[in-house]
Amino acid sequence: MATINGSIMLIALPDIFRGIRIDPLQPGNTSLLLWLIMGYLVVTAALVVSFGRMGDIYGRVRMYNAGFAVFSVFSVLLSLTWMHGTAAALWLILMRVAQGVGGAMLMANSNAIITDAFPADQRGLALGLNQVAGIAGSFIGLVLGGLLAPVEWRLVFLVSVPFGVFGTFWAYRKLHDTGIRRPARLDWWGNLTFAVGLISVLVGITYGIQPYRGDTMGWTNPGVLAALVGGVAVLLIFGVVETRVAEPMFRMSLFRIRAFAAGNLASLLSGMGRGGLMFILIIWLQGIWLPRHGYSFAETPLWAGIYMLPLTVGFLVAGPVSGWLSDRFGARPFATGGMIVAAGSFVLLALLPVDFHYGTFAAILLLNGIGMGLFASPNRAGIMNSLPADQRGVGGGMSTTFQNSAMVLSIGVFFSLMILGLATTLPHALSDGLVSQGVPAADADRVAALPPVSVLFASLLGYNPVQTLLGPDVLAHLPAGHTAYLTGRGFFPALISGPFAHGLTTAFTFAIVACLIAAVASWLRGGKYVHTDRPTAVGRAESAPAPPVPGTTPGAAAPERASVRVGADVPDPGITRSAPSPAGLGTARAGPRGTRPHLTGDALRDAYTLVVTARGYRPAVYAMATGGNGRPATAGATDRTNGQLTGVVCGPGPDSPLPGAALRAVDPRGVIVAYATTGHDGRFQLPGLPHGLSAATRAEAPQAPPGTPGGPGGALHLRLDGAWS
């Protein structure tokens with residue numbers, strides 16, 4: 001939904017500009033066009049890491065659900081403008097920016113939710129399907145925009161509303177957090193400096209490709225230079241801040257993981273090679289090739305989307321397959337090979353004449369889609385597999401930031417290279433072409449002074465600017481045949497084909513270099529890698545003194561600590577993990593050292609532990625197990641689970657439901673596999689458990705039988721639906 005919305009705008013821009021009565025060739029309107037395109041990308045790039053971090057703290061599903069709601073609300077508001085001209089364009093820009101907030105919430109947490117839900121040997125396929133859905137959506141949006149915009153431009157925004165409303169309610173009812181939530185404070189200084197720095201850089205790029213005074217571009221504009229230099233300076237300050245705060249937003253330490261660092265570098269470079277491609281193809285088809293092959297300017301948006309479908313097909317085929325294969329063989333061969341294939345497709349596109357044969361063009365687009373599909377799914381799976389469980393939200397957000405920033409950087413680079421290519425040949429070609437059709441030299445020179453960026457945007461909008469630029473007085477003095485040719489679909493596309501080809505060669509050369517460097521970066525990630533946390537003591541670092549346990553006297557023997565993985569959300573300090581007794585798998589309790597029965601054989605291999613904690617109460621520990629032969633344990637157990645537990649946490653008795661208690665399920669290896677907190681009514685839902693697991697109750701602890709008054713050191717009790725312990 002989010003990616004469809006991003007691309008549907010591109011193809012619908014001609015109808016949107018006509019609908020709000022904006023002339024794209026008027027001075028100052030270029031900025032409106034650019035911000036309509038790039039405002040959404042800028043805000044998602046700036047906020048996605050922050051929302052990923054918030055997902056780690058407050059719950060990824062909660063942030064994801066909020067993203068659906070925000071996105072849907074602003075989709076409606078985008079279609080409600082009653083204004084025209086600049087006011088209408090500014091309204092659309094502001095609503096697009098606000099819609100980008102919802103898009104950032106979705107993008108930041110979707111990959112982390114999928115990584116939490118699937119085991120390591122299935123994540124490549126799962127993330128591949130998600131990646132395919134996202135990038136395929138960007139191309140489906142092109143066709144949808146071409147279909148809907150001619151009917152009514154507001155439909156391009158309203159089309160996502162039903163999906164957003166359905167997604168909001170479906171996600172609220174069906175999605176549950178199965179990942180690790182790690183309570184922490186938000187890094188406000190980090191969020192602020194990162195957003196200011198990145199937005200400043202991206203704004204500088206946006207204005208850098210616009211004309212400034214007598215220059216074809218604005219890279220010498222003092223405001224642009226100040227934005228770029230100032231933005232980089234603030235980002236450097238951000239880097240210093242992140243090394244000083246206790247809970248940083250941007251985990252610099254993650255870049256010590258080779259698979260994470262190399263994967264993100266490859267993603268950034270591939271995004272820079274791919275990001276501007278869609279714009280170039282739309283300009284090529286909509287402004288040049290389609291008009292030269294008999295399509296009216298009104299029809300070109302739809303057919304441009306249709307003719308680009310081979311790119312989508314290639315991605316849809318290669319993405320899931322490469323994701324599935326990467327689960328078995330690792331990301332490196334497929335991601336590296338994909339970048340090499342993509343670089344080869346850019347070589348073929350650079351060799352293609354502007355007035356190409358469509359069969360050849362379609363085959364090259366298919367090859368490019370296959371290359372990008374081979375890269376995207378394994379690379380994303382490799383990045384997410386390299387992350388500790390409690391860093392998946394922020395790590396996924398960092399990865400998405402690189403991806404979205406690469407898109408904006410790519411647009412700036414591609415447009416700059418195209419404009420440089422056009423600037424060297426376009427004025428002379430435009431002047432000579434107009435004079436050859438009887439236009440006076442003075443008028444021809446005036447039109448030839450049109451900034452190259454205006455010609456690019458006229459082509460992007462499928463718009464012939466000659467009639468507007470020459471004006472009715474000049475056209476009235478020309479022969480009727482010349483006037484018809486100048487204002488028809490033949491003159492302008494044919495005229496800019498030569499200069500456009502020069503710009504294409506420059507832009508595709510950059511894409512080739514970017515993809516080849518991305519291939520090298522991808523190869524440097526190493527072999528197949530899945531993050532496995534080393535065992536450590538729960539709660540504090542090994543070197544830290546053990547804190548006193550609630551409910552015990554200072555100097556008393558400390559309970560034995562459970563062993564879980566580093567990076568997992570850990571139980572409160574001082575938890576005793578007691579195994580079920582050999583006599584029956586139905587008993588497990590918290591107690592001092594020396595009271596631990598032991599599991600043996602198959603029972604130990606298949607034993608899960610449920611730890612319940614709350615401030616001011618002693619932890620409660622339960623055993624959940626299957627028999628070694630796969631049969632559920634029966635002694636003292638409730639019914640078999642269907643992959644989740646539901647119930648109420650109480651303390652000190654059945655009539656005292658306890659909000660804010662934490663439940664953690666730990667597998668036989670000591671890895672926390674499920675986490676939940678109780679609501680205001682003490683109820684919880686703990687998904688993500690194996691099917692067929694038996695939820696065993698514990699024996700009542702002699703230190704704190706049911707009914708003991710609450711308070712510090714009081715007992716916690718778990719009432720599963722259908723059982724009380």
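Residues numbered from 1 in each chain as written. Predicted model: local features only at pLDDT ≥ 70, side-chain atom pairs only at ≥ 80, totals over all residues. Heavy atoms only, no water.

Asks: Give a detailed account of the overall build of the protein chain, specifying residues and quantitative values.
Replies: A count of helices and strands for the protein chain gives 22 helices and 11 strands. Looking at the protein chain as a whole, 58% of its 725 residues qualify as buried. Contacts in the protein chain between residues at least 24 apart in sequence constitute 78% of all its contacts with a sequence separation of at least 6. (Helix = DSSP H or I, 4+ residues; strand = E, 2+ residues; numbered from the N terminus. Buried < 20%, exposed > 50% of the residue type's maximum accessible area, 1.4 Å probe, protein only. Contact = heavy atoms within 4.5 Å.)

Asks: Could you give an account of the packing of helix H11 (residues 277-292) against helix H18 (residues 452-460), with specific residues and numbers?
Replies: Two numbers describe how H11 lies on H18: the axes approach to 7 Å, and their chain directions differ by 75°. Between H11 and H18, the interaxial angle falls into the category roughly perpendicular. Between H11 and H18, the residues in contact are Phe279, Ile282, Ile283, Gln286 and Gly287 and Leu456, Ser459 and Leu460, respectively. Classifying every residue of the contact of H11 with H18 by side-chain character gives five nonpolar, three polar and no charged. (Axes fitted to C-alpha atoms, helices over the stretch in contact; angles between N-to-C directions. Parallel < 35°, antiparallel > 145°, perpendicular 65-115°, else oblique. Nonpolar A, V, L, I, M, F, W, Y, C, P; charged D, E, K, R; others polar.)

Asks: Which residues make up the packing of aromatic side chains, and what are the values?
Replies: In total, this model carries 23 aromatic pairs according to the counting rule given. Between the aromatic rings of Phe255 and Phe402, the centroid separation amounts to 6.2 Å while the plane-to-plane angle is 85°, which identifies the pairing as edge-to-face. Here Phe255 is found in the loop between helix H9 (222-242) and helix H10 (258-275), whereas its partner Phe402 is found in helix H16 (residues 392-436), with 147 residues between them in sequence. Residue Phe255 is classed as partly exposed on the basis of its relative accessible area, which comes to 29%. Of note, Arg332 hangs over the ring of Trp523, and the distance from its end group to the ring centre comes to 4.1 Å. (Phe/Tyr/Trp six-rings, centres within 6.5 Å; stacked < 30°, edge-to-face > 60°. Lys NZ or Arg CZ within 6 Å of the ring centre and 35° of its normal.)

Asks: Hey, could you go over the nonpolar core for me, with residue numbers and the actual values?
Replies: Core analysis: the largest hydrophobic core is formed by 143 residues, its most contacted members being Trp284, Leu285, Phe346, Phe361, Leu434, Leu470 and Leu486. No other element matches the 15 residues that helix H2 (residues 29-58) contributes to this core. Ranked by size, the runner-up nonpolar core spans 22 residues in total, among them Ala614, Tyr622, Leu663 and Ala674. (Core = buried A, V, L, I, M, F, W, Y, C linked by side-chain atoms within 4.5 Å.)

Asks: How would you sum up the pairing of strand S8 (residues 672-677)? Please name residues and give values.
Replies: In terms of strand pairing, strand S7 (residues 662-666) meets S8 through five bridges, oriented antiparallel. Its bridge partner being in S8, Leu663 is matched across the sheet by Ala676. Linking two consecutive strands that pair antiparallel, namely S7 and S8, is a turn of five residues; a positive phi of about 90° is found at Gly670 within it. (Pairing = 2+ DSSP bridges.)

Asks: For a nonpolar patch on the surface, give the residues involved together with the corresponding values.
Replies: The grouping of Val347, Leu348, Leu351 and Leu367 at the surface amounts to a nonpolar patch, some 330 Å² of accessible area in total. It is helix H14 (residues 332-351) that contributes the most residues to the nonpolar patch, three residues altogether. Its place among the elements puts Leu351 in helix H14. Look at Leu351 and you get exposed, because its relative accessible area is 66%. (Patch = residues over 30% accessible without salt bridge, like charges linked within 9 Å, V, L, I, M, F, W, Y side chains within 5 Å. Areas by Shrake-Rupley, 256 points an atom, 1.4 Å probe, with all protein chains shown as cover. Salt bridge = Lys/Arg side-chain N within 4 Å of Asp/Glu carboxyl O.)

Asks: Can you tell me about unusual backbone geometry, naming the residues and giving the values?
Replies: The backbone of Arg21 shows a phi angle near 65°, a positive value even though the residue is not glycine. Note on placement: Arg21 falls in the loop between helix H1 (2-19) and H2.

Asks: Quick one: what's the story with the pattern of salt bridges, residue by residue and with numbers?
Replies: Applying the stated criterion across every chain yields a total of four salt bridges. In this structure, Glu152 and Arg154 form a salt bridge, with 3.3 Å as the shortest nitrogen-oxygen distance. Judged by its relative accessible area of 30%, Glu152 falls in the partly exposed class. Measuring nitrogen to oxygen at the nearest pair gives 4.0 Å for the salt bridge that ties Asp355 to Arg292. Highlighted residues: Asp355 in the loop between H14 and helix H15 (358-385) and Arg292 in helix H11, separated in sequence by 63 residues. The class for Asp355 is partly exposed, based on a relative accessible area of 38%.

Asks: Could you give an account of the confidence of the model for the protein chain, with specific residues and numbers?
Replies: Averaged over the protein chain, the pLDDT score is 75; the fraction of residues at 70 or greater is 78%. When mean pLDDT is compared element by element in the protein chain, H14 scores highest at 93, while strand S2 (residues 563-565) scores lowest at 32. Segment residues 534-605: pLDDT under 50, and 154 contacts once partners within four positions in sequence are set aside and those in other chains are kept. Confidence drops under pLDDT 50 across residues 627-639; counting only partners more than four residues distant or on other chains, this segment forms 29 contacts. (pLDDT = per-residue confidence, 0-100.)

Asks: Which residues make up helix H13 (residues 309-329), and what values go with them?
Replies: Side chains that are three or four residues apart share a direction in an α-helix, a result of its 3.6 residues per turn. In this model, H13 (21 residues) spans 30 Å end to end at C-alpha, consistent with the 30 Å of a helix rising 1.5 Å per residue. For H13, the set of buried residues is Pro310, Leu311, Thr312, Gly314, Phe315, Ala318, Gly319, Pro320, Ser322, Gly323, Ser326 and Asp327. Count one or two residues on from H13 and you reach Gly330, which has phi positive near 90°. (Expected span 1.5 Å × (residues − 1).)

Asks: Explain the side chain of Gln99 to me, and be specific about the residues and the numbers.
Replies: Along the chain, Gln99 turns up in helix H4 (residues 85-117). In terms of polar contacts, Gln99 uses its side chain to reach the side chain of Ser75, at 2.7 Å. Once residues lying within four places of it in the same chain are set aside, the contact partners of Gln99 are Asn5, Tyr40, Phe71, Phe74, Ser75 and Leu78. (Polar contact = N/O pair within 3.5 Å; in protein donor to acceptor, adjacent residues only side chain to side chain.)

Asks: Give a description of the packing of H10 against helix H21 (residues 491-523) that names residues and reports values.
Replies: One way to put it is that H10 packs onto H21 with a least axis distance of 8 Å and a crossing angle of 165°. In this view, H10 runs roughly antiparallel relative to H21, as classed from their interaxial angle. Where H10 crosses over H21, the handedness of that crossing is left-handed. Judged by residue contacts, Ala262, Leu265, Ala266, Leu269, Ser270, Met272 and Gly273 of H10 engage Phe510, Ala511, Ala514, Ile517, Ala518, Ala521 and Ser522 from H21. The class makeup of the residues in the contact of H10 with H21 is 11 nonpolar, three polar and no charged. (Left-handed = near helix turned anticlockwise from the far one by under 90°.)

Asks: Tell me about the pairing of strand S3 (residues 607-613), residues and numbers included.
Replies: Where burial is concerned, most of S3 is hidden: seven out of the seven residues are buried. Neither face of S3 is exposed, since Ala607, Thr609, Val611 and Thr613 on one face and Tyr608, Leu610 and Val612 on the opposite face are all buried.

Asks: Can you break down the environment of Ile20 residue by residue, with the values?
Replies: Tracing the chain through its elements places Ile20 in the loop between H1 and H2. Judged by relative accessible area, which is 0%, Ile20 ranks as buried. Separated by 65 residues in sequence, Ile20 and Gly85 have C-alpha atoms that sit 5.7 Å apart. Contacts of Ile20, omitting those with residues within four sequence positions, involve His84, Gly85, Ala88, Ala89, Leu92 and Trp153.

Asks: Residues and numbers for the environment of Thr86, please.
Replies: Relative to the helices and strands, Thr86 resides in helix H4. Each C-alpha atom of the pair Thr86 and Ile22 lies 7.2 Å from the other, and the pair is 64 residues apart in sequence. Setting aside residues no more than four positions away along its own chain, Thr86 makes contact with Ile22 and Leu32.

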